[in-house]
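The chain contents come next:
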Amino acid sequence: MARLHLLIPEIQHSKLEVFTMSKGLSLWFAVSSIVLLTAAAISISYSAWLAILLGLFSVGNIGWGFVVKARQRRS
C-alpha cells in the first residue's frame, strides 16, 4: 500500500479562473427551474400538452442560465 502513491502521478495545479454568476441570479435560475419542473410534473396528470409545454420552458430556462453565465464570462 505504501507504493501506491508512486503509481499515481502528481497533479500540478494550474491557475484556473472561475467565473460565477451573482448569488441572486443563480438563486433565480435555480428556483425558477425547480418551480417550472414541479409544475410540469404536476400537470402530467391533467394535460399532456401542458406538461410538454412546461417541460420545454424548463429546459429553455436552464439553457438560458448557461447562456447568461457564458455572456458574463466574456465581459
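Residues numbered from 1 in each chain as written. Predicted model: local features only at pLDDT ≥ 70, side-chain atom pairs only at ≥ 80, totals over all residues. Heavy atoms only, no water.

Caption draft 1: Main features of the overall build of the protein chain. The helix and strand inventory of the protein chain stands at three helices and zero strands. In the protein chain, buried positions account for 16% of the 75 residues. Contacts spanning at least 24 positions in sequence make up 55% of the contacts within the protein chain whose residues lie at least 6 apart. When the accessible surface of the protein chain is summed, it comes to about 6800 Å², and 70% of that surface belongs to carbon and sulfur atoms. (Helix = DSSP H or I, 4+ residues; strand = E, 2+ residues; numbered from the N terminus. Buried < 20%, exposed > 50% of the residue type's maximum accessible area, 1.4 Å probe, protein only. Contact = heavy atoms within 4.5 Å. Areas by Shrake-Rupley, 256 points an atom, 1.4 Å probe, with all protein chains shown as cover.)

Caption draft 2: Inspection of helix α2 (residues 23–43) at higher detail. Over its 21 residues, α2 extends 30 Å from the first C-alpha to the last, a length consistent with the 30 Å expected when each residue adds 1.5 Å. Restricting attention to buried positions, one finds in α2 the residues F29, S32, S33, A40 and S43. When α2 is viewed along its axis, its buried side chains cluster within an angular range of 100 degrees and face the same direction. Opposite the packed face of α2, turned more than 90 degrees from it, sit the exposed residues K23, L27, I34, V35 and I42. Packing partners of the buried residues in α2 comprise α3 (48–74). (Expected span 1.5 Å × (residues − 1). Arc of directions from axis to C-beta.)

Caption draft 3: The packing of α2 against α3, seen in detail. For the pair α2 and α3, the least separation of the axes is 7 Å and the interaxial angle reads 165 degrees. If you check the angle between α2 and α3, you find them roughly antiparallel. In terms of crossing hand, the pair formed by α2 and α3 is left-handed. On the side of α2, the interface is formed by L25, F29, S32, S33, L36, L37, A39, A40 and S43, while α3 contributes L50, A51, L54, G55, F57, S58, N61, I62, W64, G65, V68 and Q72. (Axes fitted to C-alpha atoms, helices over the stretch in contact; angles between N-to-C directions. Parallel < 35°, antiparallel > 145°, perpendicular 65-115°, else oblique. Left-handed = near helix turned anticlockwise from the far one by under 90°.)

Caption draft 4: Main features of α3. Its 27 residues place the ends of α3 39 Å apart at the C-alpha level, agreeing with the 39 Å of an ideal helix rising 1.5 Å per residue. Of all the positions in α3, only A51, L54, S58, N61, G65 and V68 are classed as buried. Residues of α3 that are buried sit in contact with α2.

Geometry only, nothing functional implied.
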